[in-house]
Amino acid sequence: MDMQVYIERSDEHKTLTFTGSVQELLDLLEINVQTVLVLKNDALVTEDEALTDTDNVNIITVVSGG
Amino acid sequence: MQCSTCNEKAVITHPARCKTCFIHGFEERVWNTIERFSLIRPEERICVAASGGKDSLALLEILHTRYDVHALCVDEGIAGYRDQTIDDLKTFCEQRSIPLKLVSFADLGAQRLDAQNPDHPCSVCGVLRRKALMDYSQGYDVIATGHNLDDEAQSILMNLLRNQTHLLERLGPRTPAQEGIAARIKPFYTTPEREVRAYCLLKGITTNFSECPNVVKSFRWKVGEALNDMEVGRPGAKLAIVENFLKKYYRPQQAIASSQTCTRCAGPSSHELCRACRLIVVNN
Ligand code: SF4
Ligand SMILES: [Zn+2]
Ligand SMILES: [Zn+2]
């Protein structure tokens, strides 16, 4: 099974094979942690949270547009 | 990671806080900011400049628990963007019985922003929005805005980068009232933007993500990105910029002197017509 990742700002759905921390996922996607919050299975989590292939990950933007 | 106050599972870092402790700390910081800078004085009538975005909804959510606040929303006329945030705002205010007034650029005698199609939309937008807030906040003593730490650090840097240090005097947590114009206050002055979104999320305040199509064209956007890069390497960079500004430039008592008044609207202006009136006249 693969990890489902949704990136709010670009409205993109990605399917990834990934195991690691939230910070590592953001590094992989080249997203600055300052600009987002990460939800794992609908709950807000910190950057050290471990993610696995069965997780649903939602990367929401914190920068308001206007 | 655990909450550094109660050992529950943390939801946010810098500092590590669980949901309950984060919400509590977030609200405490707002009350402390109001006190530290004497933002709201007894008996003052408060109007919240609200767009329906996360900052203004979070601000209304907090202020309405202690104060009798009204919301004032300016519809700039940006298709596909503002309509959605206004819907969010209407629902939010209805649920909390907060009186809401909506005004548009047309009420000023100007065209919708998207119809004007200006080269620098954000400067036109800012000037007309300020004018609308000024004109429609008569009867209030203070206008509270959702400007957060990120916004303020950006504004300070933008003025420095443009070599417009004389404009720094317009910044700060409280801009004093001028003849006929309410004072402007920023209760989220030391609150990072990221935490505002986290607060909305954890409090169940719905903010649909939507972005003004003009935002990425703005200088502010570039400065904001640079600041976020800086913050990663040097946590606390944004706060350091703002605290230094407060020490060196902020003069809370000093009203901004305007040499003249606009001949069309009688608002403060350094020319015969203020910037807003120049835009309105050119447009017609
Ligand atoms: S991004 Fe610019 S044009 Fe859009 S709402 Fe903000 S100031 Fe106005
Ligand atoms: Zn806690
Ligand atoms: Zn004028």
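Residues numbered from 1 in each chain as written. Chains lettered and ligands numbered in written order. Predicted model: local features only at pLDDT ≥ 70, side-chain atom pairs only at ≥ 80, totals over all residues. Heavy atoms only, no water.

Draft legend 1. Inspection of the side chain of Q34 of chain A at higher detail. With respect to the element layout, Q34 of chain A can be found in the loop between helix 1 (22–29) and strand 4 (36–40). A distance of 3.3 Å separates a polar atom in the side chain of Q34 of chain A from a polar atom in the side chain of K238 of chain B. Excluding its chain neighbours within four sequence positions, the residues that come into contact with Q34 of chain A are V62 of chain A together with R194, N228, E231, V232 and K238 of chain B. (Helix = DSSP H or I, 4+ residues; strand = E, 2+ residues; numbered from the N terminus. Polar contact = N/O pair within 3.5 Å; in protein donor to acceptor, adjacent residues only side chain to side chain. Contact = heavy atoms within 4.5 Å.)

Draft legend 2. Main features of the coordination of the zinc ion (ligand 3). All names here are of chain B. Each protein donor to the zinc ion (ligand 3) is listed here as C262 (SG), C265 (SG), C274 (SG) and C277 (SG); together their distances run 2.3 Å. Coordination at the zinc ion (ligand 3) is tetrahedral: its four donor atoms span angles of 105 to 114 degrees at the metal. Donor residues binding the zinc ion (ligand 3) come from one chain and are separated in sequence as C-x2-C-x8-C-x2-C. In this pair, C262 is assigned in the loop between strand 7 (260–261) and strand 8 (268–269) and C277 in helix 10 (residues 275–283), connecting sequence segments 15 residues apart. Residue C262 shares its accessibility class with C277, and that shared class is buried. (Donors = N, O, S within 2.8 Å, 3.2 Å for Na, K, Ca; no water. Tetrahedral: all angles 85-135°; square planar, octahedral: opposite > 155°, others 65-115°. Buried < 20%, exposed > 50% of the residue type's maximum accessible area, 1.4 Å probe, protein only.)

Draft legend 3. Molecular detail of the environment of V30 of chain B. Position of V30 of chain B among the secondary structure elements: in helix 1 (residues 19–36). Once the C-alpha coordinates of V30 of chain B and K186 of chain B are considered, the two residues, 156 residues apart in sequence, prove to be 9.5 Å apart.

Draft legend 4. Inspection of the state of the cysteines at higher detail. Residues and elements named next belong to chain B. One pass over the structure, following the stated rule, counts zero disulfides over all chains. Not part of a disulfide, C73 finds its nearest cysteine sulfur in C93, a span of 8.8 Å. Unpaired in this structure, C200 has its nearest cysteine sulfur neighbour in C93, at a distance of 13 Å. Note on C200: relative accessible area 0%, which makes it buried. (Disulfide = S-S within 2.5 Å.)

Draft legend 5. Summary view of the sheet that holds strand 7 (residues 56–61) of chain A. All names here are of chain A. Spatial ordering of the open sheet is given by 2-1-7-4-5, a layout of five strands whose pairing is mixed. Each edge of the sheet is formed by a strand with only one pairing partner; in this case those strands are strand 2 (12–16) and strand 5 (43–45). With direction set aside, neighbouring strand axes in the sheet form an average angle of 30 degrees. Pairing of strand 4 with strand 5 involves three bridges; the strand directions are antiparallel. Across the sheet, residue L39 finds its bridge partner in strand 5, namely L44. (Pairing = 2+ DSSP bridges. Axes fitted to C-alpha atoms, helices over the stretch in contact; angles between N-to-C directions.)

Draft legend 6. View of the packing of aromatic side chains. Residues and elements named next belong to chain B. Tallied over the entire structure, the rule returns seven aromatic pairs over all chains. Note on W31 and Y67: the rings are 6.4 Å apart at their centroids and 50 degrees apart in plane angle, and the pair reads as tilted. Here Y67 lies in the loop between helix 2 (54–63) and strand 2 (69–75) and W31 lies in helix 1, a separation of 36 residues in the sequence. In this structure W31 comes out as buried when scored by relative accessible area, which is 11%. Assessed through its relative accessible area of 26%, Y67 is described here as partly exposed. With a centroid separation of 5.7 Å and 70 degrees between ring planes, the pair formed by F37 and Y189 is classed as edge-to-face. A residue pair is termed long-range when its members are at least 10 positions apart, and F37 in the loop between helix 1 and strand 1 (46–49) and Y189 in the loop between strand 6 (183–185) and helix 7 (193–203) qualify at 152 residues. The exposure classification of F37 matches that of Y189, with both residues buried. One aromatic cluster is present, built from ring pairs that chain together F22, F26, F188 and Y199. (Phe/Tyr/Trp six-rings, centres within 6.5 Å; stacked < 30°, edge-to-face > 60°.)

So yeah, pure geometry; function would need other evidence.
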